Amino acid sequence: MESNIYSVNELHHFSSCYIGFRSLNSKSTVKLSQYSTFNGFSPRRLHPCPLRVGFRSNSPIIACNSVTEPETETSSPAAESPVSVNPVYVPTPSNRDTRTPHSGYHFDGTTRQFFEGWYFKVSIPERKQSFCFMYSMENPAFRRKLMPWEMLQHGPRFTGVGAQILGAYDKYICQYTEESHNFWGNRHELMLGNTFLANKDSRPPSKEVPPQEFNRKVLEGFQVSPIWHQGFIRDDGRTFYAKTVKTARWEYSTRPVYGWGNVGSKQKSTAGWLAAFPIFEPHWQVCMAGGLSTGWIEWDGERFEFQDAPSYSEKNWGGAFPRKWFWAQSNVFEGANGEVALTAAGGLRQLPGLTETFENAALIGVHYDGVFYEFVPWNGVLSWEIAQWGYWYITAENDMHMVELEATTNDAGTTLRAPTKEAGLAPACKDTCFGDLRLKIWEKKYGGTKGKLILDVKSDMAALEVGGGPWFNTWKGKTTTPEVIKSALQVPVDVEGIFGLAPFFKPPGL
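As a further point, take the overall build of the protein. Counting its secondary structure elements, the protein contains 4 helices and 24 strands. In the protein, the share of contacts with a sequence separation of at least 24, taken over all contacts with a separation of at least 6, comes to 68%. Put simply, the protein shows about 21400 Å² of open surface, and 52% of that area lies on carbon and sulfur atoms.

This is the structure:
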C-alpha cells in the first residue's frame with residue numbers, strides 16, 4: 001500500500017551545550033545538520049554535560065512517498081518497512097545510571113489478584129502529535145481464561161495481555177488475548193515483551209532479543225526495554241467508541257536523560273520506599289521522566305520518522321487501579337532556559353484493612369535543568385481541582401518550593417482501557433495529548449509565601465487523563481496521608497541497598 005513518510009532531518013538544538021554522537025550506520029539516508037555526523041543513536045554514557053540535553057526541536061519535516069511491501073507469513077511486517085531513519089539497537093546494559101527502583105516485573109508467583117501496566121510515550125513536536133504505548137498483564141498466575149472450578153476456588157479473575165496505542169490524530173488500536181503463555185518480563189529491569197502471533201516455524205522469544213531475531217520469530221507482538229522498542233500489532237475489532245487504525249508497527253531507540261531524581265544521583269522510588277511491599281496498592285513508578293528517541297512509527301498509512309523525539313515511560317502494579325484518578329505529563333515546553341519534564345498525578349486509593357477506607361494521594365515531580373523538584377505527601381501538601389473533563393489545576397508546596405500547574409483542553413479525548421477487577425481490560429479512563437498546560441515553580445520564603453520565580457513554562461502537547469469514578473462533578477481534594485505513614489516515608493530507607501546484602505530475598509520488580 002502507499003504510505004506517506006514524515007522525517008525529521010536535523011538534530012535538536014540543545015539550549016547551552018551540544019551533545020553529538022559519532023555515526024554508527026553509514027548507510028543511513030537521513031540528512032543531518034552541519035554540526036553533527038549523527039546517523040543513529042548509541043545509549044553510551046555521556047561526558048560531563050548531560051544537564052542540558054534538549055527535549056525541544058526546531059527541525060523541519062520532509063514528506064515523501066514510499067511503498068510498503070505486502071505482509072508475508074514468514075517474517076514480521078516490521079522487517080519489510082522502508083528505512084531512512086535507522087535506529088541502532090544496543091542490548092540493555094546492567095547498572096544503568098538512570099535506572100529507577102521498581103523497573104522490573106513485580107509478579108511474585110502467587111495467585112493473588114494482580115496486574116501490572118507499562119506506559120511509553122513519544123512526542124513529535126514538529127507534527128504536534130504523540131504516540132502512547134500501553135501494555136498490561138492481568139493475573140499472570142493463570143495463563144489462560146479460568147475454568148469454572150478455578151473460579152470457585154479463587155473467585156472471578158480476568159486474565160491476559162493487552163497492547164494499546166493512542167496515536168496521531170487521536171486514533172487508537174488495541175490487541176488483546178486472554179492467554180499469557182508468550183509474555184515475558186525481566187525481574188529487575190524494565191524489559192518485557194509478548195507474542196500475539198508467532199511465525200509457524202519459530203518459538204516466541206522469552207527475553208530481549210536483537211531486532212532481526214524478533215522480526216524472524218514474531219508476526220504480531222512487541223518487545224521493549226529502556227533503550228529499545230519495537231513491535232507490530234493488529235486491532236482486534238472490539239473498539240466501537242473511538243477512531244481506530246487496523247495495524248501499527250514501530251522501531252525506535254531511546255537515550256534516557258532523566259530517571260526520577262537529580263541527574264548523577266541515585267534515582268528514587270516514585271511512591272517512596274514502602275512501595276517495595278504489597279501494602280498501599282496500586283504502586284506507581286516513573287521509570288524515565290525524559291529521554292530522546294530515534295526511529296519510526298507506521299500509523300494509518302503514514303510513516304512518522306523522528307530523531308531525538310521527547311519520550312517518557314512509567315508503570316504501575318498491584319491489586320487494582322485507584323477508585324478514581326487524574327494525571328498530567330509533558331516534556332515538550334516553551335519558555336525555559338533549560339529542559340523541563342513534568343509528571344503529576346493523584347488518586348483515591350484504598351488503604352489496607354477490613355473496612356473500606358480511602359486516602360487522597362497525589363504528587364508532582366519536575367525535572368528542570370538536571371535538578372529534581374519533588375512534591376509528595378510526606379514532604380508537603382498537595383491540593384487539586386479537577387473537572388470531569390477539560391480542566392486540571394494542581395498546587396503543592398514543600399519546605400523549599402511551591403508549584404502550580406493549570407491545564408485545559410478543547411479536545412474531546414479518547415476513551416482508553418485499563419485493568420479492572422470488575423471487567424478485566426475495560427474502558428476506564430479518558431486521555432488526550434492535546435492539552436494546554438502552564439507550569440510555575442517558586443522558591444518558598446520563610447513565612448510560607450511565594451519568593452523568586454524559578455520556572456514559568458507552557459506546553460501545548462500535554463498528556464492529560466481522568467479515570468475511574470464516579471465523576472459526578474468537579475473533584476476538589478487535598479492529600480490526606482495518615483501521619484504514621486507520612487512519618488515512615490520520611491525515614492531515608494535504602495531498600496535496594498538492604499536487599500543488596502541478601503539478593504535472594506530481594507522482591508521481584510525492585
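The rest of the description comes next.
This part is about the confidence of the model for the protein. On average, residues of the protein score 83 in pLDDT, and 79% of them reach the 70 mark or higher. Every residue in residues 1-54 scores below 50 in pLDDT, and together they form 154 contacts with partners more than four places removed in sequence or on other chains. For the stretch residues 56-73, pLDDT sits under 50, and the model shows 58 contacts to residues farther than four places along the chain or on other chains.

Along the chain, the position of tyrosine 172 falls in strand S6 (residues 172-177). Here tyrosine 172 falls in the buried class, since its relative accessible area comes to 0%. Distance from tyrosine 172 to valine 245, taken between C-alpha atoms, is 6.2 Å for residues 73 residues apart in sequence. When sequence neighbours within four positions are dropped, the list of residues in contact with tyrosine 172 reads Gln164, Ile165, Thr239, Tyr241, Ala242, Lys243, Thr244, Val245, Trp299, Thr414, Leu416 and Arg417. A distance of 2.6 Å separates a polar atom in the side chain of tyrosine 172 from a polar atom in the side chain of glutamine 164.

A pair can form between side chains of opposite charge whenever their charged atoms are brought close. Under the defined criterion, the tally for this structure stands at 15 salt bridges. Residues arginine 249 and glutamate 298 are paired through a salt bridge, measuring 2.9 Å at the closest nitrogen-oxygen approach. Here arginine 249, found in strand S11 (residues 247-258), pairs with glutamate 298, found in strand S12 (residues 283-299); they are 49 residues apart in sequence, far enough to count as distant. Taken individually, arginine 249 and glutamate 298 each receive the classification buried, so the pair is uniform in this respect. Taking the shortest distance from any N to any O, the salt bridge between arginine 438 and aspartate 456 comes out at 2.7 Å. Taken together, the residues arginine 438 in strand S22 (residues 424-444) and aspartate 456 in strand S23 (residues 450-468) connect sequence positions 18 residues apart. Judged by its relative accessible area of 35%, arginine 438 is partly exposed. One network of salt bridges, with partners in common, ties together Arg249, Glu298, Arg303 and Glu305.

Mapped onto the fold, glutamate 116 is located in strand S3 (residues 115-124). Polar contacts involving the side chain of glutamate 116 include one to the side chain of lysine 315, which spans 2.7 Å. Those residues in contact with glutamate 116, other than ones at most four positions away along the chain, are Gly104, Tyr105, His106, Phe107, Tyr135, Ser136, Met137, Lys315, Asn316 and Trp317.

By size, the foremost hydrophobic cluster in this structure holds 32 residues, and its most contacted members are Val340, Leu342, Ile364, Val366, Leu437, Leu439 and Leu455. The element best represented in this core is S23, accounting for 5 residues. Non-local contacts of leucine 455, meaning those with residues more than four positions away in its chain, are made with Ala336, Val340, Val366, Tyr368, Leu439, Lys440 and Ile441. Listed in part, the 31 residues of the second largest apolar core include Ile165, Ala168, Leu190 and Ile297.

This part takes up the packing of aromatic side chains. Counted by the stated rule, this structure contains 26 aromatic pairs. Residues tryptophan 118 and phenylalanine 183 carry aromatic rings whose centres are separated by 5.8 Å and whose planes lie at 35 degrees to one another, so their mutual orientation is tilted. Within this pair, whereas tryptophan 118 is found in strand S3, its partner phenylalanine 183 is found in strand S7 (residues 183-185), the two being separated by 65 residues in sequence. Judged by its relative accessible area of 4%, tryptophan 118 falls in the buried class. Taking the relative accessible area as the measure of exposure, phenylalanine 183 reaches 9% and is therefore buried. A connected cluster of aromatic rings, assembled from ring pairs, spans Tyr105, Phe107, Phe114, Trp118 and Phe183. The lysine or arginine in question, lysine 315, covers the ring of tryptophan 317, its NZ or CZ lying 5.7 Å from the ring centre. Above the plane of the ring of tryptophan 442 lies lysine 450, whose end atom (NZ or CZ) is 3.9 Å from the centre.

The next point concerns the pairing of S3. Where burial is concerned, most of S3 is hidden: 10 out of the 10 residues are buried. Sheet topology places S3 next to strand S4 (residues 129-138); 10 bridges connect them, and they run antiparallel. Across the sheet, residue isoleucine 124 finds its bridge partner in S4, namely glutamine 129. Where S3 folds back onto S4 in an antiparallel hairpin, the turn is made up of 4 residues, including lysine 128, whose phi is positive at roughly 55 degrees. Pairing analysis gives 8 bridges linking S3 to strand S13 (residues 302-318), with the strands arranged antiparallel. The residue bridging glutamate 116 from the neighbouring strand is tryptophan 317, located in S13.

Thresholds applied
- Residues numbered from 1 in each chain as written.
- Predicted model: local features only at pLDDT ≥ 70, side-chain atom pairs only at ≥ 80, totals over all residues.
- Heavy atoms only, no water.
- Helix = DSSP H or I, 4+ residues; strand = E, 2+ residues; numbered from the N terminus.
- Contact = heavy atoms within 4.5 Å.
- Areas by Shrake-Rupley, 256 points an atom, 1.4 Å probe, with all protein chains shown as cover.
- pLDDT = per-residue confidence, 0-100.
- Buried < 20%, exposed > 50% of the residue type's maximum accessible area, 1.4 Å probe, protein only.
- Polar contact = N/O pair within 3.5 Å; in protein donor to acceptor, adjacent residues only side chain to side chain.
- Salt bridge = Lys/Arg side-chain N within 4 Å of Asp/Glu carboxyl O.
- Core = buried A, V, L, I, M, F, W, Y, C linked by side-chain atoms within 4.5 Å.
- Phe/Tyr/Trp six-rings, centres within 6.5 Å; stacked < 30°, edge-to-face > 60°.
- Lys NZ or Arg CZ within 6 Å of the ring centre and 35° of its normal.
- Pairing = 2+ DSSP bridges.

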